[in-house]
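Listed here are the chains, written in short residue letters.
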Amino acid sequence: MKFIPEQKVLNDFFGDGITYVIPEYQRPYSWDCIGKSDKNNQVNVVWQDLIEFFESKDSGIYFMGSMVVIGDETVKREFEVVDGQQRLTTLTILFVAIKCLLAEVGAKKQLEEGRVEELQNFIRDAEAVIDSLVFNKKIFGAILQEKKVKIARLGGFDYDDVLKTVMECGDISQLNLREATEEQKTVSARFFNNREFLIDQLREKFLFAGILTYELALQLNEFIEFLKYKVTLIRIQSPTFEDSYHIFEILNNRGLPLSNKDLFRNFLIKEFSALKARSPERYATLDPNQKWRVLEDDHDFRPDFINRYVESKLGKNQEFTAFNELKKSIFNRGFEDTLAKSRVELFYEDIEHSLEIYTEIVHLQFPDKQLRNRIQFLMNSGNATYVLNLLMALFRNVSDKGQQLAFVRALERYVLFVRLEPNNRFRASLIYATVKDLNTGRYDDALAALAQEIAQGFDLKRRLNDPKDIETAKLLMVRYYWALENQTPQDIIEQSLDFGIATLEHIIPQNPSPDSNWTQDFSIGFRKQYLNCLGNLTLLTQSMNSKAKNFDFKDKRKVYAQTKLAMTRDLAADKVLMNEAFIVARQAMIVAVLVNDLGG
């Protein structure tokens, strides 16, 4: 297998004459800016990480990951993208967002008085820089701009035309989407939504009351230079599709962290072998391969562990691959030989201890039911990466059970603050700063940081009455189940709720038939107000949910009676009088239980 990995700053990655073609077999652009979980806010995370790294004035580089391409730069500067099209497209849209904002500011003359000419010159020069990054110039009697990122036509629909319109600062109304499918319309809108999201973030960061000042222009210019020369990608070139796809499988199907795992295994065995060679008598019984087998066989050494270990130790975004960070910043700088033990032995003990913690978290191996339930909630909250970083730092550094529980409860409240307050998202800088506090013994500061992040006036009770989206509502109903569990004493037999197969069931259906008890016993206004409130929700498996459908309550309660889940089965009890008062009372009860359990 032949391949050439090269780490490139974006200025070189988007160099003169380079073209990246996203082939037809690639899935459509899927990164979003609309949600608060790892699955639908990738653009938000990219922006937040970039701007926070930029503002930190860190002298290092920001590593954005790897891309696999087919091509040979020595022959032709055109590459077929096998892996990495999402970040490639998003970076292009980010550069375009800067240009579109500058064009808007210049056209509307939103410029600081007295510095208009200087700012106009800056805009002109900055737009030229952006153009050089996202367009190649070709001369055919006149200078033409050719996109550096192209999307091959898929099934008759031209996403390349969508990207072209986005890059020209156009509007989605300029596209002819009459014959497009719903998916094609959704994907097309995603390009524009992400550009507008990034424009809004840039506007907030680099304009003052809508005006571009000279000082902010200098900062924006510095940010553009940061993107060009401090942000890097590893571009892996392969001459054939077969070789490139094999690399893609290693990086994605097994995961890039698995490559880190392979490197780490070789490194660890090599270090122990060298230790034995230096002191053969002292380490006569040492088996380097056995040291590795203990880690892999006795614990759950998942592909993600090295990443989580590194970030939970360093409290920062990785500059390079996780293995390189582990070797450079942790092994080389964090451990020294002592009279009793060598550096690699001390390092190994720390790795094994962290792996034990990691395994306990991902498998919820906590004897304390309350702690187990709370961590289960956090791990299903949509930001498992950040949660794991924090929890590993917590359990590695804090042994007091009361302090552990207090921190986990504070993290729960922060998670709900992020999910329930409009426009909130996890802040990487807060997570990393809190990790550093825990690692340096500043537990009180770590706890206070989470509390201080929650805005003054945040009313958990009020927000619980309006969960906004179905994903959050499901999370809250599952959290209610765990809250009820927390109130019951430990027993010989314990039931567990499978978050993955649980689905939300609307007691009052979303679309009741006109002659049902729902339309007779519940007003239109009430149904509209309480439809997605917690009092009108419960949990069922998908198959049971399908059985309940939009039936009258007398038929629904027969389905509810079949489940072992108490909160749902109790709805089938004869004493339940299903009316507006019942839903209101149930809403108040669920909210009260959650607020009490969360300490909000």
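Note that the structure is a prediction, hence the values are computed from the model and not measured. (Residues numbered from 1 in each chain as written. Predicted model: local features only at pLDDT ≥ 70, side-chain atom pairs only at ≥ 80, totals over all residues. Heavy atoms only, no water.)

Draft legend 1. Representation of the overall build of the chain within the structure. The helix and strand tally for the chain stands at 26 helices and ten strands. Over its C-alpha atoms the chain spans a radius of gyration of 28 Å, differing by no more than 12% from the 25 Å that the globule rule assigns to 600 residues. On the principal axes, the C-alpha backbone points of the chain span a range of 85 × 80 × 55 Å. Relative to its full complement of 600 residues, the chain shows a buried share of 53%. (Helix = DSSP H or I, 4+ residues; strand = E, 2+ residues; numbered from the N terminus. Rg over C-alpha atoms; globule rule 2.2 N^0.38 Å. Buried < 20%, exposed > 50% of the residue type's maximum accessible area, 1.4 Å probe, protein only.)

Draft legend 2. Expanded view of the packing of helix 11 (residues 305–314) against helix 12 (residues 322–334). Relative to each other, helix 11 and helix 12 sit at 35°, their axes nearing to 9 Å. Here the hand of the crossing between helix 11 and helix 12 comes out left-handed. Mapping the contact onto sequence places Ile306, Asn307, Tyr309, Val310, Lys313 and Leu314 in helix 11 and Ala322, Phe323, Glu325, Leu326, Ser329 and Ile330 in helix 12. Residue classes in the contact of helix 11 with helix 12 are distributed as eight nonpolar, two polar and two charged. (Axes fitted to C-alpha atoms, helices over the stretch in contact; angles between N-to-C directions. Left-handed = near helix turned anticlockwise from the far one by under 90°. Contact = heavy atoms within 4.5 Å. Nonpolar A, V, L, I, M, F, W, Y, C, P; charged D, E, K, R; others polar.)

Draft legend 3. Focus on the packing of aromatic side chains. Inspection of the entire model under this criterion finds 36 aromatic pairs. When the centroid spacing of 6.1 Å and the interplanar angle of 80° are considered together, the rings of Trp518 and Phe553 count as edge-to-face. With Trp518 in helix 21 (residues 517–521) and Phe553 in helix 24 (residues 553–560), this residue pair connects regions lying 35 residues apart in the sequence. Taking relative accessible area as the criterion, Trp518 reaches 0% and is therefore assigned buried. Look at Phe553 and you get buried, because its relative accessible area is 6%. In textbook terms, an aromatic cluster arises when at least three aromatic residues are bridged by ring pairs, as seen for Phe264, Phe267, Trp292, Phe301, Phe305, Tyr309, Phe323, Phe331, Phe335, Phe347 and Tyr358. Over the ring of Tyr214 we find Arg115, and its NZ or CZ is 3.8 Å from the ring centre. The ring centre of Phe377 lies 5.6 Å from the NZ or CZ of Arg479, which sits over that ring. (Phe/Tyr/Trp six-rings, centres within 6.5 Å; stacked < 30°, edge-to-face > 60°. Lys NZ or Arg CZ within 6 Å of the ring centre and 35° of its normal.)

Draft legend 4. Representation of the state of the cysteines. Evaluated as defined, the whole model comprises one disulfide. For Cys100, the disulfide goes to Cys169, at an S-S distance of 2.1 Å. In this structure, the disulfide formed by Cys100 and Cys169 twists by about -100° around the S-S bond and is classed as left-handed. Of this pair, Cys100 sits in helix 3 (residues 85–107) while Cys169 sits in the loop between helix 5 (159–167) and helix 6 (182–206); the two residues are 69 residues apart in sequence, bridging distant segments of the chain. The partly exposed category is assigned to Cys169, whose relative accessible area is 32%. (Disulfide = S-S within 2.5 Å.)

Draft legend 5. Just the packing of helix 15 (residues 384–397) against helix 16 (residues 401–420), in detail. It is at 11 Å that the axes of helix 15 and helix 16 come closest, and there the two elements cross at 165°. In terms of axis orientation, helix 15 runs roughly antiparallel to helix 16. Pair helix 15 / helix 16 crosses with right-handed handedness. Of the residues in helix 16, those touching helix 15 at Leu390, Leu391, Leu394 and Phe395 are Gln404, Phe407, Val408 and Leu411. Among the residues forming the contact of helix 15 with helix 16, the class breakdown is seven nonpolar, one polar and no charged. (Parallel < 35°, antiparallel > 145°, perpendicular 65-115°, else oblique.)

Draft legend 6. Quick look at the environment of Thr338. Within the secondary structure layout, Thr338 lies in the loop between helix 12 and helix 13 (343–362). A relative accessible area of 42% places Thr338 in the partly exposed class. Separated by 159 residues in sequence, Thr338 and Glu179 place their C-alpha atoms 72 Å apart.

Draft legend 7. Broad picture of the confidence of the model for the chain. Averaged over all residues, the pLDDT of the chain is 88; the fraction at 70 or higher stands at 94%. Looking at the elements of the chain, mean pLDDT is at its lowest for helix 8 (residues 241–253), recorded as 61, and at its highest for helix 13, recorded as 96. Note on residues 253–258: pLDDT is under 50 here. Beyond four places in sequence and across chains, it has twelve contacts. (pLDDT = per-residue confidence, 0-100.)

Draft legend 8. Region of interest: the sheet that holds strand 7 (residues 149–151). Strand order in the open sheet made by the six strands is 1-8-3-4-2-7, with mixed pairing throughout. This sheet does not close on itself; its edge strands, each paired only once, are strand 1 (4–9) and strand 7. Recorded for the sheet is a direction-independent mean angle of 35° between the axes of neighbouring strands. Contacts from helix 3 reach strand 2 (19–22), strand 3 (62–70), strand 4 (78–83), strand 7 and strand 8 (231–238), with the element oriented near 120° to strand 3. (Pairing = 2+ DSSP bridges.)

Draft legend 9. Region of interest: the pairing of strand 9 (residues 502–506). Burial analysis of strand 9 places five of its five residues in the buried class, the great majority of the element. Both faces of strand 9 are covered, namely the face carrying Ala502, Leu504 and His506 and the face carrying Thr503 and Glu505.

Draft legend 10. Quick peek at the nonpolar core. In this structure, Phe264, Phe347 and Leu391 are the most contacted members of the largest nonpolar core, which totals 95 residues. Among the elements that take part in this core, helix 16 stands out by supplying ten residues, more than any other. Once you skip the residues sitting within four places of it in the chain, Phe264 turns out to touch Trp292, Leu295, Phe301, Ile306, Phe323, Leu326, Phe347 and Ile351. In terms of nonpolar packing, the next biggest core, distinct from the first, is built from 73 residues, Cys33, Ala97, Leu133 and Leu227 among them. (Core = buried A, V, L, I, M, F, W, Y, C linked by side-chain atoms within 4.5 Å.)

Draft legend 11. Representation of the environment of Glu117 within the structure. Within the secondary structure, Glu117 is located in helix 4 (residues 116–134). Put simply, Glu117 and Leu339 are 222 residues apart on the chain and 68 Å apart in space, counted from C-alpha to C-alpha.

Draft legend 12. Structural context of the environment of Ser59. On the secondary structure map, Ser59 appears in the loop between helix 2 (42–55) and strand 3. Since its relative accessible area comes to 70%, Ser59 is described here as exposed. As for Ser59 and Pro239, which are separated by 180 residues in sequence, their C-alpha atoms are 35 Å apart.

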